Amino acid sequence: MTTSARLPEPPGGRAAARRRGPAWLRFWPIAPAVVFLVFFFVYPATLLLGLSAVDAEGAPTIEHYARLFRSDLYVKVLLITLKVAGWTTLLSLVAGYPVAYLLATVRDNTRNMLIIWVLMPFWTSFLVRTFAWIVLLGRSGAVNDLLVALGLVEYPVRMIYNFTGVMIGMVHALMPLCVLTMLSVMINIDTNLTRAASTLGARGGQAFWRVYFPLSVPGVAAGGLLVFITALGFFITPALLGGRKDTMIVQLIIFQIHEVLNWAFAGAIALLLLVTVLAIFFLYDRLLGLSTLSGETAAAGAARRHGIIARAGGRLGRLFTAGMGNLCEAAARLFDRLRPHRADRPRRGLSRGALWVAGLLVVAFLAVPSFFVIPVSFTEEGFLNWPPKGFSLQWYELVFASAEWPKAAARSLVVAVCAASLGMLVGVPAAFVLVRQRFFGKTAVFAFLVSPIIIPNIIIAVSLFYLFSKLALVGTITGLVLGHTVLAIPYVVITVMALIKNYDRRLDQAAWTLGASRLRTFLHVTFPIIRPGLIAAFMFAFIISFDELTIALFVTGGDFTTLPKQMWDDAIMRVNPTLAAVATLLLVFMSCVIVLSEILRRRGAAR
Amino acid sequence: MTDPKDYKLVTRGVRKTYGPVVALDGADIEMREGEFLTLLGPSGSGKTTLLMAIAGLNDPDRGEIWIDGKLATYLPPFERDVGMVFQNYALFPHMTIYENIAFPLRMRRQGEAAVRAAVRRVLDTVRLPGVEDRMPRELSGGQQQRIALARCFVYEPSIILMDEPLGALDKKLRDALQREVKHLHENLGITVLYVTHDQEEAMVMSDRICLMNDARIEQIGTPADLYFRPASVFAADFLGESNLLSATVAGTGGGEVALTTGDGRTLRGRARDEVEPGARVTLMIRPENVGFASDTEPDNTVEGVLKEVIMSGQITRYFLELPDGAEMVATGLTGGDRGRPETGGTARFGWAAEHTVVLRDH
Ligand SMILES: Nc1ncnc2c1ncn2[C@@H]1O[C@H](COP(=O)(O)OP(=O)(O)O)[C@@H](O)[C@H]1O
Ligand SMILES: [Mg+2]
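From a predicted model like this one, the values you see are computed outputs, not experimental measurements. (Residues numbered from 1 in each chain as written. Chains lettered and ligands numbered in written order. Predicted model: local features only at pLDDT ≥ 70, side-chain atom pairs only at ≥ 80, totals over all residues. Heavy atoms only, no water.)

Draft legend 1. Summary view of the sheet that holds strand E20 (residues 357-360) of chain B. All names here are of chain B. With mixed pairing, the five strands of this closed barrel are ordered in space as E11-E12-E13-E20-E14. Strand-to-strand twist of the sheet, defined as the mean angle between neighbouring strand axes without regard to direction, takes the value 55 degrees. Here strand E14 (residues 280-285) pairs with E20 via four bridges, running antiparallel. Counted as the bridge partner of Leu283 is Val358 from E20. (Pairing = 2+ DSSP bridges. Helix = DSSP H or I, 4+ residues; strand = E, 2+ residues; numbered from the N terminus. Axes fitted to C-alpha atoms, helices over the stretch in contact; angles between N-to-C directions.)

Written out as structure tokens, the structure reads:
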């Protein structure tokens, strides 16, 4: 802020700062977050990657990397991983774009309601979603049941334990992220622009393709990047919904650790994955500029980029949009020839109706599946068949009577509360400094604090496993909390930074002029206003931890499990209705958490 | 009824609702070629809705729109010959100035050589040559607005619609651009339908003003018509300063109306429409037509206590409190022949019958 120089100083402002010592002391609140990540993220990752470059005696070697390329297995799996991620990205973008476009162009109330449904997969536990797809897509699942009943197919179609199953599961999991990212760009596109285009003579799809679409490209690119990067690190969906041929690279790392305990080679595969991710970021930066990730508008990033790739991309893009525009115009002219516009009668726009239909179908795809675990959990049979037979509470009884489930649930709860609290404790002060102070290397510090989102979780998990095994932290609550805090910090920092950016600092300045000290200003003015946002950030971190499996997979051990880990172990052995019962309980619990936080938020906001 | 073919633009009974909200309730407008008509009214009065209906950006529920003698009510925007300038300019941010201005020509499949010549010509017209390769955000607000105008002029539409095009600019720039738009209108001979909520802007620029209020058209006329002969209390109050007094019609005759005010005074005025004796009316007198009635003996006089005298530059305002508590304002040039009367004492205001506009109450 350039104007702040003339606005009131905080009590004991400049003079006090001088007394307290050098300027960097003002930045100390950012230190805990940085130190934390250095210890539990950078350090272990360095250890792991270091292992991959030495042999059993500790002498430097490239043996492990040579092994990566000796057989074609690893390259093949990398290619499969890229293929799965690529298709997931493409499908998420193609199916998500109409939804985002619809959301961007409806009234606020309608939008808020639709967003709740789009976010449905986000809220429901990862494993609940995956089971829902098993219930839906299996040989005797709900979809096949319907298809056969309708006479569309004679025999059940194979939709699971193959590439189709992986695609359905992954697109379902990642599309919300994609839609929200695209929406954040589209919502800022001035609706008058397409109107202006149509008064200027753009007919049919010309206004969309030549004006709206190019402006939405940064959102498409950012959404695509996020989906692609996240998909690269997936293993739950491919493992549970895919076949043998759909093995992804993360599964190889897990195999190396869990089955053969080859740390060095696991490290080498991890580096391969990391290099792939970084290469993709590099390419993206060349093409569109990383600045577009932070939601900058189209013009700012795309218009004036230099470099061959960017220019070629720009020209190709323009050719593409012009071509699509002309194509749509030709189609529209043909259609208009058949049914000319009449000046005396309105013509309902067909395209808008089609958009609604497509949009609602996709929203249904996102929102509906999770609910299918509920009826199955009351079945009398021992399988996840559709339709469920009879009514019984036996699976619930089994869950509550068992030794592991209640303990795992309690542990998950404790870990999630602790990890979210710790994440807030170090993340919130860091967010304040990042928004309010200016210092050299701020962008780099921000990038560092959010990097755990970008780095595949498996790398964090395996390296923590290595570190914790030396510190005897494997199989302890402390270990889990520390690991989950690494993942929670980025979300807390991003959420709270957005919150503080929107906070009107003049309120603080008003309080200072009225005689309140810094502390009292914070307690009586700042805090009550940002409290709802802080609650949201806490909930976010809580859900991240509560639903976390990758770190739990390594840092837990024996009968010391968390809820997702217990579900995973069960699912790997045999998918059974107990899991449906647990999934239903989780669904109910998560809904309660969401509703509760919404109530807290509203109450806070109303005050 | 008039023949729509004689006009550049005709709207008849255009009505538009959004759910329960009536945004526009039966608008009738007629515009001749080359005319500058301004829709003036408070925010929310339906100006944009009418403009959008004419541009084809919303479908009216009822009514007809004729452009250039052809029925166009439900035609899509690209099949009517209109151009529109938006308040926030609506320049395409991802295109250069050249591409922005070339857009309508390319949509009309014109050859690139013709496009280049036309863009250069229109940039000269708006006095911004040489900005072809810049991006819109690299220009100032005023320059962007001129580019928006250029993008509209370049394909020579029958009618140009402008929705508060200067609303986002500061006062000084707005004054300059008002004159520029006016000159462009005169030099190019285009037909302009202009929207503003600023009465001064409407007065400065328009051939005629269409005053809108609450989804309806209150009055259409020249700026002088609206100022000196308002058709309603709303019109009288919205344009300029006015004194409003309640009265009852006592009798009519000889083009004049005799009126009785609440405290029994008799006044004389001129009615725009027919009024019957006994009707309740509101009298509108412009402050600049009111003066001290000490020396001359005007048609109408009132007596009261001079409460306040406020000098604001060239103009001084005198506030008189009447016995029934109503207030009357007179304005005059500062330091004129009147001297400075004492506040707190009694004073007499007077004005001519012809300056008393009689408005029927509804
Ligand atoms: N898209 C819309 N949906 C619902 N109501 C609208 C919409 N557009 C305008 N309105 C309503 O119609 C009325 C007239 O609006 P508008 O024509 O924009 O007024 P003006 O341009 O004179 O300020 C307002 O009450 C406004 O709230
Ligand atoms: Mg408006």
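Okay, back to it.
Draft legend 2. Quick look at empty space enclosed by the protein. All names here are of chain A. Taken as a whole and assessed by the stated rule, the structure comprises three cavities of 30 Å³ or more. Approximately 40 Å³ is the volume attributed to the largest cavity. Lining of the largest cavity is provided by Phe126, Arg129, Thr130, Trp133, Gly169, His172, Ala173, Thr237 and Leu241. Those elements that place two or more of their residues in the lining of the largest cavity are helix H7 (126-137), helix H9 (163-186) and helix H12 (236-241). (1 Å grid on protein atoms, 1.4 Å probe; cavity = no way out; pocket = protein on both sides within 12 Å on 5 of 7 lines; lining within 4 Å. Points joined across faces, edges and corners; volume = space filled by probe spheres on them.)

Draft legend 3. Representation of the packing of aromatic side chains. Residue and element names in this part refer to chain A. Under the counting rule described, the total for this entry stands at 33 aromatic pairs over all chains. For the ring pair Tyr101 and Phe208, a centre distance of 5.6 Å and an interplane angle of 85 degrees mean the geometry is edge-to-face. Here Tyr101 is found in helix H4 (residues 73-105), whereas its partner Phe208 is found in helix H11 (residues 206-232), with 107 residues between them in sequence. Here Phe432 and Phe522 contribute two aromatic rings whose centre-to-centre distance is 6.1 Å and whose plane-to-plane angle is 65 degrees, an arrangement assigned as edge-to-face. With Phe432 in helix H20 (residues 404-436) and Phe522 in helix H25 (residues 518-546), the pair connects residues that are 90 residues apart, well separated along the chain. What makes Phe432 buried here is its relative accessible area of 16%. Owing to a relative accessible area of 31%, Phe522 belongs among the partly exposed residues under this scheme. Here the aromatic cluster, defined as three or more aromatic residues joined through ring pairs, consists of Tyr97, Tyr101, Phe208, Trp209, Tyr212, Phe213 and Phe320. A cation sits over an aromatic face here: Arg67 above Phe265, 3.8 Å from the ring centre. (Phe/Tyr/Trp six-rings, centres within 6.5 Å; stacked < 30°, edge-to-face > 60°. Buried < 20%, exposed > 50% of the residue type's maximum accessible area, 1.4 Å probe, protein only. Lys NZ or Arg CZ within 6 Å of the ring centre and 35° of its normal.)

Draft legend 4. Quick peek at the domain arrangement of chain B. All names here are of chain B. One can read the domain layout of chain B as domain 1 (4-235) and domain 2 (241-360). If you average the C-alpha positions of domain 1 and of domain 2, the two centres end up 39 Å apart. Across the boundary between the two partners, domain 1 contributes nine residues, which contact eight residues of domain 2. For the pairing of domain 1 and domain 2, the buried interface totals around 760 Å² over both sides, and the portion due to carbon and sulfur atoms is 55%. Of all residues in domain 1, Tyr227, Pro230 and Val233 give up the largest surface area on contact with domain 2, accounting jointly for 61% of the area buried on that side. In this structure, the connection of domain 1 to domain 2 is made through zero salt bridges. Counting the contacts that link domain 1 with domain 2 gives two residue pairs in polar contact (both at pLDDT 80 or more). Here the element with the most residues in the side of domain 1 that touches domain 2 is helix H7 (residues 223-228); it accounts for three residues. The residue makeup of the side of domain 1 that touches domain 2, split by class, is six nonpolar, two polar and one charged. (Domains from an automatic or database assignment. Contact = heavy atoms within 4.5 Å. Buried area = accessible area lost by both parts, 1.4 Å probe. Salt bridge = Lys/Arg side-chain N within 4 Å of Asp/Glu carboxyl O. Polar contact = N/O pair within 3.5 Å; in protein donor to acceptor, adjacent residues only side chain to side chain. Nonpolar A, V, L, I, M, F, W, Y, C, P; charged D, E, K, R; others polar.)

Draft legend 5. Quick look at the site of ligand 1. Residues and elements named next belong to chain B. Surrounding ligand 1, one finds Tyr18, Val21, Ala23, Pro42, Ser43, Gly44, Ser45, Gly46, Lys47, Thr48 and Thr49. In this structure, an oxygen atom belonging to ligand 1 sits 2.6 Å away from a main-chain N or O atom of Gly44. Take Thr48: an N or O atom from its side chain is 2.6 Å from an oxygen atom of ligand 1. A total of 560 Å² of accessible area belongs to ligand 1 in isolation, and the protein chains cover 61% of it. (Near = heavy atom within 4 Å. Areas by Shrake-Rupley, 256 points an atom, 1.4 Å probe, with all protein chains shown as cover.)

Draft legend 6. Molecular detail of the environment of A:Leu587. All names here are of chain A. Its location among the elements puts Leu587 in helix H28 (residues 577-606). A C-alpha to C-alpha distance of 7.3 Å links Leu587 and Ser125, two positions 462 residues apart in sequence. Discounting chain neighbours no more than four positions away, the residues touching Leu587 are Thr124, Val128, Ser370, Phe371, Val373 and Ile374.

Draft legend 7. View of the sheet that holds strand E17 (residues 315-321) of chain B. All names here are of chain B. An order of E15-E19-E16-E17-E18 is seen for the five strands of this open sheet, with the pairing classed as antiparallel. Edge strands, defined here as strands with exactly one partner in the open sheet, are strand E15 (291-292) and strand E18 (327-333). Looking at chain direction, E17 and E18 are connected through seven bridges and run antiparallel. Note that in E18 the partner of Thr316 across the bridge is Gly332.

Draft legend 8. Summary view of the interface of chain A and chain B. Each partner contributes to the interface: chain A provides 33 residues, whereas chain B provides 36 residues. The contact between chain A and chain B buries some 2900 Å² in all, and 63% of this surface belongs to carbon and sulfur atoms. At the boundary of chain A with chain B, the tally comes to two salt bridges. Between chain A and chain B we count eight residue pairs in polar contact (both at pLDDT 80 or more) in total.

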